[in-house]
Amino acid sequence: MSVILLFGLMIVLLAIGVPVAFSMGLAAFATILYDGLPADVVFQRIASGMNIYSLLAIPFFIYAGELMLYGGIAERLINFAMTLVGRFRGGLAQVNILSSTLFGGISGSAVADASALGSVLIPSMTKRGYDTHYAVNVTTSAALIGIMIPPSHNMIIYSLAAGGGVSVIALFTAGIIPGLLMSGLLMLVAGITAVRRNYPREAFPGWAAVGAAFLGAIPGLGLAIIILVGVRFGVFTVTESAAVGALYALFITAFVYRSLGWSGFRRATMNAVRTTSMVMLVIGTGNSIGWLLALHQLPLQVVHLLHSLTSEPWLILLIINVALLLLGCVMDMAPLILICTPIFLPVVKSLGMDPVHFGMLMMINLGLGLLTPPVGAVLFVGCAIGRISIEEAMKSVMPFYLALFACLMLITYIPGLSLWLPSFFGN
């Protein structure tokens, strides 16, 4: 009854428009009172959920992404991508996806990716004769690559929700191959569609221009290299790498590119503070939800339920995928990671699935929820930039959605895609 009250009240609060963090916190508070526990417990769980050293990486990564966003990094990455793949049919779509792959390794955020690159590329694609709904779908689908390519703060949240027993650097490393796979499948779909619709191609500027564009992009790309190489070889921890990354982003944008003015610095700082406060409050209230789920042994009950339905591991994984896809339609990614990880992780562990592998499954699965109404944050950003309705965007979404779903299935049933690189580095 307590679990029914917890989820029932949370669903009602979300339905009437209460913000996610407050819905989770109020539902946990009501459930604790129903259980006859001291009211102070929920506030202690919220505080303890946020008071974790490793979570310091999240505000630093968010800040680094915002500084890169307002410091002109996106334009240089787009220019580099343009010289490489712009000459192919539907070249701007390929530029869009490749730029998202590069920028995702800097921002670690799908929403930031869609906002930064979409504001430049969606208008450019429309002017060159691309359908606006196609430009929006290319941008929003490619933005999900930022969830998989490190640094991704959603992977840090997953590590926390998994009880801290999953290495963040192992998750970062595991996301590289799935992220590149996602990029390749999206480029294939975008190219086939571009050929069918006879979208234009851009002139090849020559290899000298490619080299010059690459040199211009190197300082921006250095952030991802510093984080991965520095952590991999023990120069600093993931949290320390985030702080170094934020300082590096400030130095590059303000003193190397000299494209970050006072106005951009203020906007980047305020956006980082706003985003961090929302994420941390969700983490705190999510911790209280997770504590209640453990108290009432819901994860164990879900394990028994799924094993009673079928003994086939592939079918259990399919059921979990469908459940996560449906939940992603009605709730944002971060709270779902915090709520669903304690429920489903014991299930997949009972099947012998590695927690790192399951983390990759959750990243891309819940990332798909960012493209689906009514809560698809990335979809809303793309539609707002393209100035089209969600209904208009649905005209060409299916090929891209199917490509991402195919990537989800490959990651789910081929563990090596996620686990080969971490095992190669000894994670």
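Residues numbered from 1 in each chain as written. Predicted model: local features only at pLDDT ≥ 70, side-chain atom pairs only at ≥ 80, totals over all residues. Heavy atoms only, no water.

Here's the deal with the overall build of the chain
Okay, step 1: The helix and strand inventory of the chain stands at 23 helices and zero strands.
Okay, step 2: Taking 22 Å as the expected radius of gyration for a compact globule of 427 residues, we find that the chain reaches 21 Å, a close match to that expectation.
Okay, step 3: Taking the principal axes of the C-alpha coordinates as reference, the chain spans close to 70 × 45 × 45 Å.
Okay, step 4: Total accessible area on the chain is roughly 17,200 Å²; 70% of this is exposed by carbon and sulfur atoms.
Okay, step 5: Distance from the positive charge centre (17 side chains) to the negative charge centre (13 side chains) of the chain: 13 Å. (Helix = DSSP H or I, 4+ residues; strand = E, 2+ residues; numbered from the N terminus. Rg over C-alpha atoms; globule rule 2.2 N^0.38 Å. Areas by Shrake-Rupley, 256 points an atom, 1.4 Å probe, with all protein chains shown as cover. Lys, Arg positive; Asp, Glu negative; His and termini not counted. Charge placed at Lys NZ, Arg CZ, Asp CG, Glu CD.)

Focus: the packing of helix H18 (residues 333-350) against helix H19 (residues 355-368)
Okay, step 1: The interhelical angle for the contact between H18 and H19, taken along N-to-C directions, is 140°, at an axis separation of 11 Å. What the angle tells us is that H18 and H19 run oblique. Between H18 and H19 lies a crossing whose hand is right-handed. When H18 is examined against H19, the residues Met333, Leu336, Ile337, Cys340, Thr341, Phe344, Leu345, Val348 and Lys349 are found in contact with a partner set consisting of Pro355, Phe358, Met362, Met363, Leu366 and Gly367.
Okay, step 2: The residue makeup of the contact of H18 with H19, split by class, is twelve nonpolar, two polar and one charged. (Axes fitted to C-alpha atoms, helices over the stretch in contact; angles between N-to-C directions. Parallel < 35°, antiparallel > 145°, perpendicular 65-115°, else oblique. Left-handed = near helix turned anticlockwise from the far one by under 90°. Contact = heavy atoms within 4.5 Å. Nonpolar A, V, L, I, M, F, W, Y, C, P; charged D, E, K, R; others polar.)

A word on the environment of Arg76
Okay, step 1: Relative to the helices and strands, Arg76 resides in helix H5 (residues 73-85).
Okay, step 2: Residue Arg76 is classed as partly exposed on the basis of its relative accessible area, which comes to 27%.
Okay, step 3: Here the alpha-carbon distance between Arg76 and Met362, two residues 286 residues apart in the chain, equals 31 Å. (Buried < 20%, exposed > 50% of the residue type's maximum accessible area, 1.4 Å probe, protein only.)

Quick notes on the nonpolar core
Okay, step 1: Core analysis: the biggest nonpolar cluster contains 144 residues, and Tyr134, Tyr158, Met182, Ile320 and Phe358 have the highest contact counts within it.
Okay, step 2: Of the residues forming this core, the biggest block, twelve residues, is contributed by H18.
Okay, step 3: Among all residues touching Phe358, those that are not within four sequence positions of it are Tyr158, Ile320, Phe344, Leu345, Val348 and Met353. (Core = buried A, V, L, I, M, F, W, Y, C linked by side-chain atoms within 4.5 Å.)

Details of a nonpolar patch on the surface
Okay, step 1: A cluster of nonpolar side chains, namely Ile225, Val229, Phe233 and Val235, defines an oily patch on the protein surface of about 430 Å² accessible area.
Okay, step 2: The topology assignment puts Ile225 in helix H13 (residues 207-232).
Okay, step 3: The class of Ile225 is exposed, set by a relative accessible area of 51%. (Patch = residues over 30% accessible without salt bridge, like charges linked within 9 Å, V, L, I, M, F, W, Y side chains within 5 Å. Salt bridge = Lys/Arg side-chain N within 4 Å of Asp/Glu carboxyl O.)

Some words on the environment of Leu92
Okay, step 1: Positionally, Leu92 belongs in helix H6 (residues 91-107).
Okay, step 2: Taking the C-alpha atoms as reference points, Leu92 and Gly359, separated by 267 residues in sequence, lie 32 Å from one another.

Some details on the confidence of the model for the chain
Okay, step 1: For the chain, per-residue confidence averages 86 on the pLDDT scale, and residues scoring 70 or more make up 99% of the total.
Okay, step 2: Helix H16 (residues 298-309) is the least confidently modelled element of the chain, averaging 78 in pLDDT, while helix H22 (residues 398-413) averages 94, the highest of any element. (pLDDT = per-residue confidence, 0-100.)

Looking at the layout of surface pockets
Okay, step 1: The computed volume of the largest pocket comes to approximately 940 Å³.
Okay, step 2: What lines the largest pocket is a set of 37 residues, among which Val111, Thr275, Met278, Val279 and Asp332 lie closest to the centre.
Okay, step 3: If you list the elements that add at least two residues to the lining of the largest pocket, you get helix H2 (20-34), helix H4 (57-70), helix H7 (110-127), helix H10 (153-161), helix H15 (262-295), H18 and helix H20 (377-386).
Okay, step 4: Among the elements that make up the lining of the largest pocket, the one with the highest residue count is H15 (eight residues).
Okay, step 5: Empty space within the second largest pocket amounts to approximately 290 Å³.
Okay, step 6: Lining the second largest pocket are 13 residues, with Phe7, Met10, Ile11, Leu327 and Met331 positioned closest to its centre.
Okay, step 7: For the lining of the second largest pocket, the secondary structure elements donating two or more residues are helix H1 (2-15) and H18.
Okay, step 8: Of the residues contributing to the lining of the second largest pocket, the split by class is 13 nonpolar, no polar and no charged. (1 Å grid on protein atoms, 1.4 Å probe; cavity = no way out; pocket = protein on both sides within 12 Å on 5 of 7 lines; lining within 4 Å. Points joined across faces, edges and corners; volume = space filled by probe spheres on them.)

A word on the side chain of Ser418
Okay, step 1: Tracing the backbone through its elements, the reader meets Ser418 in helix H23 (residues 416-424).
Okay, step 2: Here Ser418 falls in the buried class, since its relative accessible area comes to 0%.
Okay, step 3: Dropping the residues within four chain positions of it, Ser418 is found in contact with Ala174, Pro178, His357, Met360 and Ile411.

A closer look at the side chain of Thr276
Okay, step 1: Among the structural elements, Thr276 can be located in helix H15.
Okay, step 2: Taking the relative accessible area as the measure of exposure, Thr276 reaches 13% and is therefore buried.
Okay, step 3: Reaching out from Thr276, the side chain makes a polar contact with the backbone oxygen of Ala272 at a distance of 2.7 Å.
Okay, step 4: If we ignore the near neighbours within four places in the chain, the residues touching Thr276 are Pro59 and Ile62. (Polar contact = N/O pair within 3.5 Å; in protein donor to acceptor, adjacent residues only side chain to side chain.)

Digging into unusual backbone geometry
Okay, step 1: Between Pro150 and Pro151 the backbone carries a cis peptide bond, its omega angle lying at 5°.
Okay, step 2: Looking at the element boundaries, Pro151 is found in the loop between helix H9 (145-148) and H10.
Okay, step 3: With phi around 55°, Asn198 is a residue other than glycine that occupies positive phi space.
Okay, step 4: Looking at the element boundaries, Asn198 is found in the loop between helix H12 (176-197) and H13.
Okay, step 5: The backbone of Arg258 shows a phi angle near 55°, a positive value even though the residue is not glycine.

Re H16
Okay, step 1: With twelve residues, H16 should cover 16 Å at 1.5 Å per step; its first-to-last C-alpha distance of 17 Å lies within 8% of that length.
Okay, step 2: Turning to H16, the residues buried within the fold contact H1, H15, helix H17 (313-328) and H18. (Expected span 1.5 Å × (residues − 1).)

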